[in-house]
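Okay, here's what each chain looks like letter by letter:
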Amino acid sequence: MKLRALSLLLVLFLSIGCTQNNSKKTTNTVKLVAGKDSLIFAEEVHFKSMRQITFGGDNAEAYWSFDDKQLVFQSNNKEWGVACDQMFLMNIDESFSEKAPPMISTGKGRTTCAYFLPDNKHYVYGSTHLGAEECPPAPLRKNGRYVWPIYDSYDIFVSDLEGNIVNQLTNEKGYDAEATVSPKGDKIVFTSTRSGDLELYTMNIDGTDVTQITNELGYDGGAFFSPDGTQLIFRSSRPKTPEEVKAYKDLLAQGLVEPTEMELYICNADGSNLRQLTSLGNANWSPFFHPSGKKILFSSNFEAERGFPFNLYMIDLDGKNLKRITHGETFDAFPVFSNDGKWLAFSSNRNNGGGRDTNLFIAEWQE
């Protein structure tokens, strides 16, 4: 659901090393140096190398297979014959500048948030195709305010990599989407309006044992499990004042949310020990755990005066040691580490000729 607004979002928001001799050991701090690739800015010292893998349209939310050999992602690239976001598959050594990757969704309705299952042969994703075969309208402004539509026709499905749906995991009335899978391979976390609000839920990978995780007013979404499956990180736009509460409820009744003020929250996988991780202001979103499980990467425009740029940041689980990772002038978001921790996939407006295209990149990560 997050990709469909990228183009308008941009318009609106415009080691430690050791040396040892025979007498003693000394420890020196190693200064990281950014890679030499032209895609990497000089300040981006955690990127050793980088490769662009899409070249046109809006491409985002690229998620790794459990064996790190493939990525599934969503795109609205008109040259690939789609009218709105659909799901595509690629091997990690591929790029798509002239040919289209295989589409593995139905091509009907609008899709969002695909994620591999542990067998590397199936994936889950949200789709509106049971509501209608056409792309649903995408209102992105309401009374001058930037909004995201929350389609009540979204449900979560399981598909094979040829695009054949083999199971429907949700069938409740309302929005069910934003599903991601635990690295342990046993649970799925997703966002739903079945309670009347946008809350987080978990379920087994076969759709059983649905459990509500959050229960405070506000849009809780975009959740991911920690590497050991014991914690969840997510974004939330939680209204506090009576005016904010009314505005949130009024929009939600129309199937809309306003995502311009969001902070990150973290909790145990069962919803316990919930705490707010950031208090930065503006929009802090698309969080993902660092492979160590001790830090979070996320996208934010908190340093922006007029809504842009969005860059990637890293922060400890206690909210300390905030560090800027990317240094673009427009948009970097959706950071996702490979399971082996060696690579970071993310979406960016870099190298797009000054246009609005949002493409996928894979960076070799260095600590």
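Above this text is the structure in question.
Note that the structure is a prediction, hence the values are computed from the model and not measured.

A tally of regular secondary structure across the protein gives two helices and 29 strands. With the C-alpha coordinates of the protein rotated into their principal frame, the extents come out at 70 × 50 × 40 Å. When burial is assessed residue by residue, the protein has 55% of its 367 residues classed as buried. Surface exposure of the protein reaches about 15,600 Å², of which carbon and sulfur atoms provide 47%.

Let's shift gears to unusual backbone geometry. A positive phi angle is found at Cys 113, which is not glycine, with a value near 55 degrees. Checked against the element boundaries, Cys 113 lands in strand E7 (residues 111-116). For Ser 286, which is not glycine, the phi dihedral falls at a positive 40 degrees. With respect to the helices, strands and loops of the structure, Ser 286 is situated in strand E23 (residues 284-289).

To continue, consider the sheet that holds strand E26 (residues 323-324). Pairing within the open sheet is antiparallel, and its four strands lie in the order E23-E24-E25-E26. The sheet is open, and its two borders are formed by E23 and E26, each paired with just one other strand. Judged from the two bridges that link them, strand E25 (residues 311-316) and E26 form a sheet pairing that is antiparallel. By the bridge assignment for E26, Tyr 313 is matched with Arg 324.

Attention now moves to the state of the cysteines. Counted according to the given criterion, the structure contains one disulfide. Across a sulfur-sulfur distance of 2.1 Å, Cys 84 and Cys 135 are joined as a disulfide pair. Across the S-S bond of Cys 84 and Cys 135 the torsion is about -90 degrees, and the bridge reads as left-handed. Placement of Cys 84 in the loop between strand E5 (70-75) and strand E6 (86-91) and of Cys 135 in the loop between strand E8 (122-127) and strand E9 (141-142) is noted, with a sequence separation of 51 residues between them. A relative accessible area of 3% means that Cys 84 is categorised as buried. No disulfide involves Cys 113; its nearest neighbouring cysteine sulfur is the one of Cys 84, lying 14 Å away. Between Cys 267, a cysteine without a disulfide, and Cys 113, which holds the nearest cysteine sulfur, the sulfur-to-sulfur distance is 18 Å.

What follows is about the packing of aromatic side chains. Tallied over the full model, the rule gives 26 aromatic pairs. Taken together, the aromatic side chains of Trp 148, Tyr 219, Trp 285, Phe 310, Phe 331 and Phe 334 make up a single cluster linked through ring pairs. One Lys or Arg, Arg 235, reaches over the ring of Tyr 219 and ends 4.6 Å from the middle of that ring.

Here we come to the pattern of salt bridges. Under the definition given, this model contains 14 salt bridges. The residue Arg 194 makes a salt bridge to Asp 176 at a minimum N-O spacing of 2.9 Å. Of this pair, Arg 194 sits in the loop between strand E15 (187-192) and strand E16 (199-204) while Asp 176 sits in strand E14 (residues 176-181), placing them 18 residues apart in sequence. A single salt-bridge network, built from bridges that share partners, covers Glu 216, Asp 220, Arg 238 and Lys 240.

With that settled, the discussion passes to the pairing of E23. The buried fraction of E23 is high, at six of six residues. From the end of E23 to the start of strand E24 (residues 295-300), which pair antiparallel, there are five residues, and Gly 293 there has a positive phi angle of about 75 degrees.

This part takes up the nonpolar core. Among the nonpolar cores identified, the biggest contains 64 residues, and Phe 47 and Val 124 are the most heavily contacted of them. If one sorts the elements of this core by residue count, strand E29 (residues 359-365) sits on top with five residues. If we skip the residues at most four places from it in the chain, Phe 47 touches Ala 34, Gly 35, Ile 40, Ile 325, Thr 326, Leu 344, Phe 346, Ala 363, Glu 364, Trp 365 and Gln 366. Core analysis: the next-biggest nonpolar cluster, separate from the first, contains 20 residues, Tyr 175, Leu 198, Leu 252 and Phe 334 among them.

Calculation rules
Residues numbered from 1 in each chain as written. Predicted model: local features only at pLDDT ≥ 70, side-chain atom pairs only at ≥ 80, totals over all residues. Heavy atoms only, no water. Helix = DSSP H or I, 4+ residues; strand = E, 2+ residues; numbered from the N terminus. Buried < 20%, exposed > 50% of the residue type's maximum accessible area, 1.4 Å probe, protein only. Areas by Shrake-Rupley, 256 points an atom, 1.4 Å probe, with all protein chains shown as cover. Pairing = 2+ DSSP bridges. Disulfide = S-S within 2.5 Å. Phe/Tyr/Trp six-rings, centres within 6.5 Å; stacked < 30°, edge-to-face > 60°. Lys NZ or Arg CZ within 6 Å of the ring centre and 35° of its normal. Salt bridge = Lys/Arg side-chain N within 4 Å of Asp/Glu carboxyl O. Core = buried A, V, L, I, M, F, W, Y, C linked by side-chain atoms within 4.5 Å. Contact = heavy atoms within 4.5 Å.

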